[in-house]
2 protein chains.
Amino acid sequence: MGGKGLSDPAFILIEPQMGENIGAAARGMWNFGLRHMRLTSPRDGWPNTKAVAMASGAGSLLDEALVAGTTAEAVGDLNYLYATTARPREMTKTVFTPEGAARDMAKRIAAGEKVGVLFGPERAGLANEDVVRANAIITVPVNPQFSSLNLAQCVLLMAYEWRRQADETPAEVYHTGKSDLAAAADVDRLIEHLISELDDAGFFFPETKRDSMVTNLANLYRCTPMTDQDVRTMRGVIRALAEKRLLKS
Amino acid sequence: MGGKGLSDPAFILIEPQMGENIGAAARGMWNFGLRHMRLTSPRDGWPNTKAVAMASGAGSLLDEALVAGTTAEAVGDLNYLYATTARPREMTKTVFTPEGAARDMAKRIAAGEKVGVLFGPERAGLANEDVVRANAIITVPVNPQFSSLNLAQCVLLMAYEWRRQADETPAEVYHTGKSDLAAAADVDRLIEHLISELDDAGFFFPETKRDSMVTNLANLYRCTPMTDQDVRTMRGVIRALAEKRLLKS
């Protein structure tokens, strides 16, 4: 592989220790559509059977991963580099949240830059010299009482935030069923049907409370997202209950 | 435990299978400050030593977890329930992204509601009847070619999004070092010092290009975030280089 045509960030695992974590990182990346993994000096050699087993459907990322001896070799073609680190380092550098970093990456990539994110080894995180090499820092805002994000989790969150930048899924959609939401007039007729049957049944008592009770019932139905089928079903329910009452009386 | 005083969402693992995943879910929750875990019918019984081993620092969530036999028992005290599901279900329901859901939860919790999120068993996800029981659906927008988020990853992403709602970490901060950024006047003097030495050295040639070269150099220094110490260091660098030139000449 190579940086040519790189239009997503490269995720660079620096001296990763456990194959399982490399595989889990590949899964986390591919879950959110990222393909460009790089590694420096994986502790247990390369290829790594445990990484392959864990990666399962994301195995092609491992096949295509660029494996380098040093950080300098792994990032030589990149224009802008982010270092993930949990601990504050005494350096003058921009510190991003994952969201802020993803936004910055999207901006740079749109401008034709090639960007990468460094992830440190499981035990100790990135060495200071790798953080210095980066242009900016990413720190996940975790619970200060418990900040033990592991490598694969950190990769997953960054991949998720990257995809959020490009993703156009609306934050909230009101309908997934097959049929369309009922028209207001059909819901009105349902409500009228219900009120009429309740009037017959003497439900509204005392009469002075009728208006507010009708308002509340109407509101309840208008706040419930109903399809045409739901409206038909509810009218059947009202009819069945009313008939049962008539049979009993 | 109980719902009393619940001011964060409860995360409810429905019939989780592997203890490791329950422990990893606890870690993911506590990484982002969430404490209220509930479980229904964990396959391998309860307490579960593998869950405890994996949870490590988040073990207290397991100690305090509410364990119930059925979904109905586990969620009985909650006012609003979200079901996480990867597959679209043919139901009329609001579908949230994790971000949209977290925003909705924050709104409801601020209004005094108690909310919970259902997570299905590893293999098959939530049963339809549990999705029906929920008031809304959460779907993580994953890569359609590879959507195999596991239980702990799904919990981690929801916990992360929950914390993002409350978190006030700025998306981008420009400084983390000990000393303050240098004042503009000090940077100006550094630039003047550099230009003056370069003039002495005959650097600006041809003279017609001097203005644009000066502009570029000045811009370079003004775009570099420098502390007072950095400015002093750079002036020392200029001085040293200039002296070396004088010594050689």
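Preceding this section is the structure that the text describes.
The rules we used
Residues numbered from 1 in each chain as written. Chains lettered and ligands numbered in written order. Predicted model: local features only at pLDDT ≥ 70, side-chain atom pairs only at ≥ 80, totals over all residues. Heavy atoms only, no water. Least-squares fit on C-alpha atoms with pLDDT ≥ 70 in both. Contact = heavy atoms within 4.5 Å. Buried area = accessible area lost by both parts, 1.4 Å probe. Salt bridge = Lys/Arg side-chain N within 4 Å of Asp/Glu carboxyl O. Polar contact = N/O pair within 3.5 Å; in protein donor to acceptor, adjacent residues only side chain to side chain. Helix = DSSP H or I, 4+ residues; strand = E, 2+ residues; numbered from the N terminus. Nonpolar A, V, L, I, M, F, W, Y, C, P; charged D, E, K, R; others polar. Axes fitted to C-alpha atoms, helices over the stretch in contact; angles between N-to-C directions. Parallel < 35°, antiparallel > 145°, perpendicular 65-115°, else oblique. Left-handed = near helix turned anticlockwise from the far one by under 90°. Buried < 20%, exposed > 50% of the residue type's maximum accessible area, 1.4 Å probe, protein only. Pairing = 2+ DSSP bridges. Phe/Tyr/Trp six-rings, centres within 6.5 Å; stacked < 30°, edge-to-face > 60°. Lys NZ or Arg CZ within 6 Å of the ring centre and 35° of its normal. 1 Å grid on protein atoms, 1.4 Å probe; cavity = no way out; pocket = protein on both sides within 12 Å on 5 of 7 lines; lining within 4 Å. Points joined across faces, edges and corners; volume = space filled by probe spheres on them.

It is worth spelling out the relation of the copies chain B and chain A at this point. The two copies are related by a screw operation: chain B maps onto chain A through 180° of rotation and 0.0 Å of translation along the axis, at an RMSD of 0.0 Å. Here the copies are linked by what is in effect a two-fold axis. Of the residues that chain B buries at the interface, 100% are likewise interface residues in chain A, meaning the two copies contact each other through the same surface.

This part takes up the interface of chain B and chain A. Every contact between the two is made by 54 residues of chain B and, on the other side, 54 residues of chain A. Approximately 4,300 Å² of surface area, both sides summed, lies buried where chain B meets chain A, with 54% of it carried by carbon and sulfur atoms. In this structure, the connection of chain B to chain A is made through 4 salt bridges. Note that Glu-161 of chain B and Arg-164 of chain A form a salt bridge whose closest N and O atoms lie 3.6 Å from each other. The interface formed by chain B and chain A holds 18 residue pairs in polar contact (both at pLDDT 80 or more) in total. Put simply, the parts of the chain that give the side of chain B that touches chain A at least two residues each are helix H1 (19–31), strand E5 (94–96), helix H5 (98–110), helix H7 (151–166) and strand E8 (172–173) of chain B. Tallying contributions element by element places H7 of chain B first for the side of chain B that touches chain A, with 7 residues. Each residue belonging to the side of chain B that touches chain A can be placed in one class, and the counts come to 23 nonpolar, 18 polar and 13 charged.

Counted by the stated rule, this structure contains 30 salt bridges over all chains. Overlapping salt bridges, with partners in common, bring together Glu-99, Arg-103, Glu-161 and Arg-164 of chain A together with Glu-99, Arg-103, Glu-161 and Arg-164 of chain B in one network.

Residue and element names in this part refer to chain A. Taken N-terminus to C-terminus, the directions of helix H1 (residues 19–31) and helix H7 (residues 151–166) make an angle of 15°; their axes are 8 Å apart at the nearest point. When the axis of H1 is compared with that of H7, the two are roughly parallel. At the point where H1 passes H7, the crossing takes the right-handed sense. Facing H1, whose interface residues are Asn-21, Ala-24, Ala-25, Gly-28 and Met-29, H7 presents Leu-151, Ala-152, Val-155, Leu-156 and Ala-159. When grouped by side-chain class, the residues that make up the contact of H1 with H7 number 8 nonpolar, 2 polar and no charged.

Residues and elements named next belong to chain B. By the criterion of burial, strand E4 (residues 80–84) is predominantly enclosed, with 5 of the 5 residues buried. With burial as the criterion, each face of E4 is covered, one bearing Tyr-80, Tyr-82 and Thr-84 and the other bearing Leu-81 and Ala-83. Where E4 and strand E6 (residues 115–119) come together, 4 bridges link them in parallel fashion. If you follow Ala-83 over to E6, its bridge partner there is Leu-118. Relative to strand E7 (residues 136–138), E4 is paired through 3 bridges, and the arrangement is parallel. The partner of Tyr-82 across the bridge, within E7, is Ala-136.

The next subject is the packing of aromatic side chains. Counted by the stated rule, this structure contains 11 aromatic pairs over all chains. A ring pair is formed by Phe-11 of chain A and Phe-119 of chain A, whose centres lie 5.0 Å apart and whose planes are at 55°; its orientation type is tilted. One end of the pair, Phe-11 of chain A, is in strand E1 (residues 10–14); the other, Phe-119 of chain A, is in strand E6 (residues 115–119), with 108 residues separating them in the sequence. Grouped by ring-pair contacts, the aromatic residues Phe-32 and Tyr-160 of chain A together with Phe-32 and Tyr-160 of chain B constitute a single cluster. Residue placement shows Arg-35 of chain A over the ring face of Trp-30 of chain A; its charged tip is 4.7 Å from the ring centre. The ring centre of Tyr-80 of chain A lies 3.4 Å from the NZ or CZ of Arg-108 of chain A, which sits over that ring.

Now for the layout of surface pockets. The volume enclosed by the largest pocket comes to roughly 1,300 Å³. In terms of lining, the largest pocket is formed by 47 residues, of which the most central are Leu-149, Asn-150, Leu-151, Ala-152 and Gln-153 of chain B. The set of elements that each furnish at least two residues to the lining of the largest pocket consists of H1 and H7 of chain A together with H1 and H7 of chain B. Looking at the lining of the largest pocket, the element that brings in the most residues is H7 of chain B, giving 5 residues. Per-class residue counts for the lining of the largest pocket are 23 nonpolar, 15 polar and 9 charged.

Time to look at unusual backbone geometry. For the bond running from Trp-46 of chain A to Pro-47 of chain A, omega is 0°, close enough to zero to count as cis. Note the cis peptide between Phe-205 of chain A and Pro-206 of chain A, where omega equals -5°. Looking at the secondary structure, you find Pro-206 of chain A in the loop between helix H8 (184–200) and helix H9 (210–223). At Glu-15 of chain B, a position not held by glycine, the phi torsion is positive, near 45°. Tracing the sequence through the fold places Glu-15 of chain B in the loop between strand E1 (10–14) and H1. With phi around 35°, Ser-41 of chain B is a residue other than glycine that occupies positive phi space.

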